[in-house]
Amino acid sequence: MGLFGERRAFLEKLSDADRQALSGLGHRRDYAPQEQLLGEGESGTSVLVILGGWCTVWRSTERGRLILALRQGGELVGEMAALDGRPRSATVTALDEVRALAVPGDRFRHFMAARPYVSALVMAQLTERLRSADDQRSSLASATVLERLAACLVELADRTGRRESDAVVIRLPLSQHEIAAAIGATREAVAKALRLLREQGLVHTGPKVIAVADLEPLRLLGGAGAPHGTGTSTGTRTAHNGARSARGRRPGV
């Protein structure tokens, strides 16, 4: 689905001296859950460096919100407006308590200009996000809700999941509404798809917790394929049968 940025965040790639220099260019801000950090269409050019917490990056559509990405500590948001001076292209909202460093756009540009490798980092980040956006558009155009949900759960598990007993547990403050917004579906369609995955024993859900019992069937459903040497399990075949059945029973799922 491409909800995440590069595996090593922007701040992690800077030297200690450069992180300290960047910190001196801005001021710290704290945001409460669901508080807006940046707004789509706004004219500001400040760059926010996320220091802690999770944010959603989203746009308004005729069908409601579409979550484009999740951002966490160490990542940048708002850098496009700082570079081209155009209005904000998306809204950024805190998922939980967020700490950020707000750097005026002109200061951030000077910081980049004095450090060519920082400019290269920002360009690489923008390229990665463009590729992720292309992947998301392709998924929205060709995949079912069940397939998109499977791909989303795999990405969440791979990037944020923790092994607990016999499952990979995803503990992110994401509601079903937000998962639906991340895969371009309705909450009702996501609830039906999750119920199907629960019935197959592939996932277990709780309040803002999803435990994935078997990732490989979800990888196949989401189009990623099983890693080399894993083979095709009974659970995988069952999930595919469930997916085909779901397409027949539930249009759009």
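Going by the structure above, here's the rest.
Predicted model only: the values in this text are computed from it and were never measured. Sequence order sets the numbering: in each chain, residues are counted from 1 along the sequence as written. Thresholds applied to this predicted model are a pLDDT of at least 70 for local features of residues and 80 or more for the giving and counting of side-chain atom pairs; totals over whole chains, interfaces and linings are not thresholded and use all residues. Hydrogen atoms and water are omitted, and side-chain values are computed over all heavy atoms in the structure.

**Section: the environment of L68**
Moving on, step 1. Secondary structure elements follow DSSP: runs of H or I of four or more residues count as helices, runs of E of two or more count as strands, with numbering from the N terminus. Secondary-structure assignment places L68 in strand β5 (residues 64-72).
Moving on, step 2. Those residues in contact with L68 that lie beyond four places of it in its chain are G2, L3, V57, W58, R59, A90 and Q136. Every residue pair with non-hydrogen atoms within 4.5 Å of one another is taken to be in contact.

**Comments concerning the sheet that holds strand β8 (residues 98-103)**
The pairing of strands in a sheet comes from backbone hydrogen bonds and takes either a parallel or an antiparallel form.
Moving on, step 1. In this analysis, strands are considered paired if DSSP registers two or more bridges between them. Taking strand neighbours across the sheet as the criterion, the 4 strands line up as β1-β8-β3-β6 in an open arrangement whose pairing is antiparallel. The open sheet has two edge strands with one neighbour each: β1 (27-31) and β6 (76-77).
Moving on, step 2. Direction of pairing for strand β3 (residues 47-52) relative to β8: antiparallel, over a ladder of 5 bridges. Counted as the bridge partner of G52 is R99 from β8.

**Some thoughts on the pattern of salt bridges**
Two side chains that carry opposite charge are able to pair once their charged atoms sit near each other.
Moving on, step 1. Salt bridge, as used here: a side-chain nitrogen of Lys or Arg that lies within 4 Å of a carboxyl oxygen of Asp or Glu. Under the defined criterion, the tally for this structure stands at 8 salt bridges.
Moving on, step 2. The closest approach of N and O atoms between D18 and R115, which form a salt bridge, is 2.8 Å. Taken together, the residues D18 in helix α1 (residues 16-23) and R115 in the loop between α3 (105-113) and α4 (116-142) connect sequence positions 97 residues apart.
Moving on, step 3. Residue D18 is classed as buried on the basis of its relative accessible area of 8%.
Moving on, step 4. With its nearest N and O atoms 3.0 Å apart, the salt bridge here joins R219 to D158. One end of the pair, R219, is in helix α8 (residues 215-221); the other, D158, is in helix α5 (residues 145-160), with 61 residues separating them in the sequence.
Moving on, step 5. Salt bridges linked by common partners bring D158, E216 and R219 together as one network. Only protein chains enter the area calculation, which uses a 1.4 Å probe; residues under 20% of their type maximum are buried, those over 50% are exposed, and those in between are partly exposed.

These results come straight from atomic positions and should not be treated as a statement about function.
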